[in-house]
Amino acid sequence: MRKRPLGKTGLEVSELCLGTWGLCGDAYGAVEESQQDAVIERAVALGITAFETADCYARGTMETRLGRLVPTQGDFVIVTKIGTNRETMPRKKDFSPTFLKQSIEKSQTRLARPLDVVLLHNPSLRAFEKKETCATLQELKEKGTLKAWGASVGTVQSAEAAIAQGAQVVELVYNAFSSKDLQEISEQIREKGVAVLGRSVLAHGLLCGGWSRFKTFQNGDHRRERWTVDQFKKRIDQVSALRTLMGDDIQSTRAGALRFALCNEQLSCAVIGPRSTMQLDQLVREAGEGPPYIPTDRLRRLEVQLAEVGITAVEPTKPKPPSSPADPAASTNPEAGTAPSGAVQ
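Residues numbered from 1 in each chain as written. Predicted model: local features only at pLDDT ≥ 70, side-chain atom pairs only at ≥ 80, totals over all residues. Heavy atoms only, no water.

1. Thoughts on the overall build of the chain
The criterion, for reference: Counting from the N terminus, the helices are DSSP H or I runs at least four residues long and the strands are E runs at least two residues long. We compute the radius of gyration from the C-alpha atoms alone; for a globule the expected value is 2.2 Å times N to the 0.38, where N is the number of residues. In this scheme, a residue with accessible area under 20% of its type's maximum is buried, one over 50% is exposed, and one in between is partly exposed, where area comes from a 1.4 Å probe on protein chains only. By definition, residues are in contact when any of their heavy atoms lie within 4.5 Å. To be clear on the numbers: accessible area is Shrake-Rupley with a 1.4 Å probe, and residue cover counts the displayed protein chains and nothing else.
In terms of helices and strands, the chain carries 12 helices and 12 strands. Relative to the 2.2 N^0.38 estimate, which gives 20 Å for 345 residues, the radius of gyration of the chain is 19 Å and therefore close to what a compact globule would have. On the principal axes, the C-alpha backbone points of the chain span a range of 50 × 45 × 45 Å. Residues classed as buried in the chain amount to 57% of the 345 residues present. For the chain, the share of sequence-separated contacts (at least 6 apart) that also reach a separation of at least 24 residues comes to 76%. Within the structure as shown, the chain displays about 14900 Å² of accessible surface, and the carbon and sulfur contribution to it stands at 49%.

2. Remarks on the packing of helix α1 (residues 33–46) against helix α2 (residues 61–69)
To be explicit about the condition: Every axis in this analysis is a line fitted to C-alpha atoms, fitted for helices over the stretch in contact. Angles between the N-to-C directions lie between 0 and 180 degrees. The cut-offs work like this: below 35 degrees is roughly parallel, past 145 is roughly antiparallel, 65 to 115 is roughly perpendicular, and the gaps in between are oblique. Handedness of a crossing follows from how the near helix is turned relative to the far one, being left-handed for an anticlockwise turn of less than a right angle and right-handed for a clockwise one. Put simply, Ala, Val, Leu, Ile, Met, Phe, Trp, Tyr, Cys and Pro go in the nonpolar bin, Asp, Glu, Lys and Arg in the charged bin, and everything else, Gly too, in the polar bin.
Their axes nearest at 10 Å, the elements α1 and α2 cross at an angle of 45°. Taken together, α1 and α2 sit at an angle that is classed as oblique. Our pair here, α1 against α2, has a crossing hand that is right-handed. Residue-level inspection shows Glu 33, Gln 36, Asp 37, Ile 40, Glu 41 and Val 44 of α1 in contact with α2, the latter providing Met 62, Arg 65, Leu 66, Arg 68 and Leu 69. Partitioned by chemical class, the residues of the contact of α1 with α2 number 5 nonpolar, 1 polar and 5 charged.

3. Things to note about the sheet that holds strand β12 (residues 269–272)
To keep it simple, the criterion reads: By this definition, two strands are paired if DSSP reports at least two bridges between them.
Read once around its circumference, the closed barrel built from 8 strands follows the order β3-β4-β5-β8-β9-β10-β11-β12, with strand pairing classed as parallel. On average, adjacent strands in this sheet sit at an angle of 25° to one another, irrespective of strand direction. Two elements, strand β5 (residues 77–82) and strand β8 (residues 115–121), share 4 bridges in a ladder whose sense is parallel. The residue of β8 that forms the bridge with Thr 80 is Val 118.

4. Here we look at the pairing of strand β11 (residues 195–199)
Of all the 5 residues making up β11, 5 are buried; the element is thus mostly covered by neighbouring parts of the structure. Residue alternation in β11 divides its side chains into two sets, Ala 195, Leu 197 and Arg 199 and Val 196 and Gly 198, and both sets are buried. For strand β10 (residues 169–173) and β11, the ladder comprises 5 bridges, and the chain directions are parallel. Within the sheet, the bridge partner assigned to Leu 172 lies in β11 and is Gly 198. In this sheet, β12 lies alongside β11 in parallel orientation, the contact comprising 2 bridges. Within the sheet, the bridge partner assigned to Leu 197 lies in β12 and is Cys 269.

5. Structural notes on the side chain of Ser 107
Structurally, Ser 107 can be placed in helix α3 (residues 97–111). Among residues more than four places away in sequence, those in contact with Ser 107 are Asp 55, Glu 63, Thr 80, Ile 82 and Leu 115.

Structure follows, in structure tokens:
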């Protein structure tokens, strides 16, 4: 498994990171506990050293599972996200110093190890206006409670605000249909040496290329509400643009989409979300043998093909409207705001 530096944190991570939102059962429906264990154990065996989770995934049990199965020895890095209070009804975001400190203590107990990377979980722009939010994480870093901190964001504005306040790691959507956010903050990333985790590299399965225009999703699957019928049909038609990446050892749009993400050197790792060992093995195999992940001429053709189906590389990014006057980030979905912006909503 190839490694990349995690920005200037001093940590190194595998270029593929095992994300656990789908694995925990909250996103796409239930996953057997034995299967969850098997996927994590297989990831370790394959050389994956980066794992991404959140304290609210399966009400904290995913942190506990990672704490039990990911070795404490070696260069393994667990990234966890905090700031979602699931004890309230409706659940809401809470980035107050008191709540953050309590959350970090609980995460450390569940993970059974010193904390590596802690991210604010989808904070609103307003959350960054309260200087004590980031100051709390920076203070804990200086005390040695955690090695690095940052934010998992849904907008360019939130990413910029996090970086301005010293975030060392930023997680955002990055895929072939939605690359503009990272492009817009590329210079800041370079100047500050900020690490970038790219999530939704397959756009929740859309870019795998295996769906028909009439596919439906079961109850409990967040994709059921993600697109309208017309939007979904349009997205399926747009996926055909990825076929221009196929050839030689790229035998599917899924492989092309994954390698598109890995082509970006600013990405410390691509967060993948397999729900079975078979899916994990497929993704690791399709990541290929290393750079160049995709020939330059095919990437150029892809840009043309995307434009022809209505997807441009860079578009103005508009901030999302507040969900409520009290808390713009409040949501019943802890992953709200993580859908690819622009072409895929």
